[in-house]
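# Inside the fold
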Amino acid sequence: MMTRISSLLSRLLLVTSAMAVAAVDDYSNNRSLQSTSNAAITEDQYQTCLKDVLTADQNGDYELSASEFIRFVTFNSAVYGYTWGYAAGQTSFDQMPLNFPMLFYTQACLCAQEAESSGCCSAERAHVNIFTGPKYGSGGVTEKQDIYMREFCTEAFHSYAVTSTPTPMPT
C-alpha cells in the first residue's frame with residue numbers, strides 16, 4: 001500500500017513539474033508580466049503577504065522551501081479566515097489540494113525566467129524566491145522581482161477561496 005502511494009506521489013510530482021514548466025512557457029510566450037488571471041490584491045494585502053513570507057522563511061535564506069511554503073499558507077490563509085497548511089493538519093503537498101503544490105512549483109519555475117534567478121525550478125531544490133525584506137533594503141528589488149512577488153501573493157490570495165475544504169481521509 002505504501003509503495004503504491006509512494007509511486008502515485010512520484011508520478012504526481014512529475015506531472016506537477018511538467019505542468020509548471022508548461023505554465024512557465026505559456027506565461028513567457030502569451031502573457032504580459034502582470035498577472036491577469038485574478039484581480040489584483042490591495043497594497044495592504046500585498047504587505048501582509050510579504051510579512052507572512054518572511055515569517056515563514058524559517059532559516060532566513062530568502063527562499064521558501066516546500067515546508068516553508070506550507071507555513072506561509074498556514075499564516076497567510078488565516079488572515080483571511082481560511083484554515084490551510086499546518087493548521088489543517090496538512091504537513092506535505094500530498095495532503096493539500098492540488099492548487100497549492102501547483103502554485104509552489106509554478107512560482108518556483110517562474111523565478112528562473114521572470115525574476116532572473118537560477119536553481120529555483122529543480123525538483124530537488126525547488127523553492128520560491130523571496131524578493132523583499134532587509135536583504136534588499138529600500139529600492140533594492142528590481143521591477144521584475146516586484147512583479148514576481150506581487151503575482152505570487154495575488155495567486156496565493158485567490159487560491160484560498162477557490163479551494164474546497166479538505167475532507168478527512170477514509171479509514
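Details of the structure are given in the entry above.
Reference entry: report on the structure contained in this document. (Residues numbered from 1 in each chain as written. Predicted model: local features only at pLDDT ≥ 70, side-chain atom pairs only at ≥ 80, totals over all residues. Heavy atoms only, no water.)

Moving on: the overall build of the chain. Scanning the chain from N- to C-terminus turns up 5 helices and 2 strands. Ordered by position in the sequence, the α and β elements of the chain form the string α-α-β-α-α-β-α. Here the chain, with 171 residues, has 39% of them falling under the buried criterion. Of the contacts formed within the chain by residues at least 6 apart in sequence, a portion of 62% connects residues at least 24 apart. Surface exposure of the chain reaches about 9200 Å², of which carbon and sulfur atoms provide 56%. (Helix = DSSP H or I, 4+ residues; strand = E, 2+ residues; numbered from the N terminus. Buried < 20%, exposed > 50% of the residue type's maximum accessible area, 1.4 Å probe, protein only. Contact = heavy atoms within 4.5 Å. Areas by Shrake-Rupley, 256 points an atom, 1.4 Å probe, with all protein chains shown as cover.)

Counting residues in hydrophobic clusters, the biggest one holds 34 residues, and the most contacted among them are V53, L64, F69, F72, V73 and F152. Listed by contribution, the elements that provide at least two residues to this core are helix 2 (43–56), helix 3 (66–79), helix 4 (99–114) and helix 5 (143–162). No other element matches the 7 residues that helix 4 contributes to this core. (Core = buried A, V, L, I, M, F, W, Y, C linked by side-chain atoms within 4.5 Å.)

The α-helix advances 3.6 residues per turn, and as a result positions three or four apart in sequence lie on the same side. With 14 residues, helix 2 ought to run about 20 Å at 1.5 Å a step, and its terminal C-alpha atoms sit 20 Å apart, in line with that. For helix 2, the set of buried residues is Q45, Y46, T48, C49, L50, D52, V53 and A56. For helix 2, the secondary structure elements touched by its buried residues are strand 1 (63–64), helix 3 and helix 5. (Expected span 1.5 Å × (residues − 1).)

Once that is clear, we can look at the packing of aromatic side chains. Per the counting criterion, the structure on display carries 13 aromatic pairs. Taking the centre distance of 6.3 Å and the plane angle of 40 degrees together, the rings of F69 and F72 count as tilted. Of this pair, F69 and F72 both sit in helix 3, 3 residues apart, roughly one helical turn. A single burial state applies to F69 and to F72, both of which are buried. Measuring from centroid to centroid gives 4.9 Å for Y80 and F157, while their planes differ by 85 degrees, and the two rings are edge-to-face. Of this pair, Y80 sits in the loop between helix 3 and helix 4 while F157 sits in helix 5, placing them 77 residues apart in sequence. One aromatic cluster is present, formed by F69, F72, F93, F104, Y105 and F152 through successive ring pairs. If you follow R150 out to its NZ or CZ, it ends over the ring of Y46, 3.9 Å from the centre. (Phe/Tyr/Trp six-rings, centres within 6.5 Å; stacked < 30°, edge-to-face > 60°. Lys NZ or Arg CZ within 6 Å of the ring centre and 35° of its normal.)

What follows deals with helix 3. Between its first and last C-alpha, helix 3 extends 20 Å over 14 residues, near the 20 Å set by a 1.5 Å rise per residue. All of the buried residues in helix 3 are E68, F69, I70, R71, F72, V73, T74, N76 and S77. Once helix 3 finishes, G81 follows within two positions and takes phi at roughly 85 degrees, a positive value.

Inspection of the entire model under this criterion finds 2 disulfides. In this model, C49 is linked to C153 through a disulfide, with the two sulfur atoms separated by 2.0 Å. An S-S torsion of about -80 degrees defines the bridge between C49 and C153 as left-handed. You can see C49 sitting in helix 2 and its partner C153 sitting in helix 5, a full 104 residues away along the chain. Residue C49 is classed as buried on the basis of its relative accessible area, which comes to 1%. (Disulfide = S-S within 2.5 Å.)

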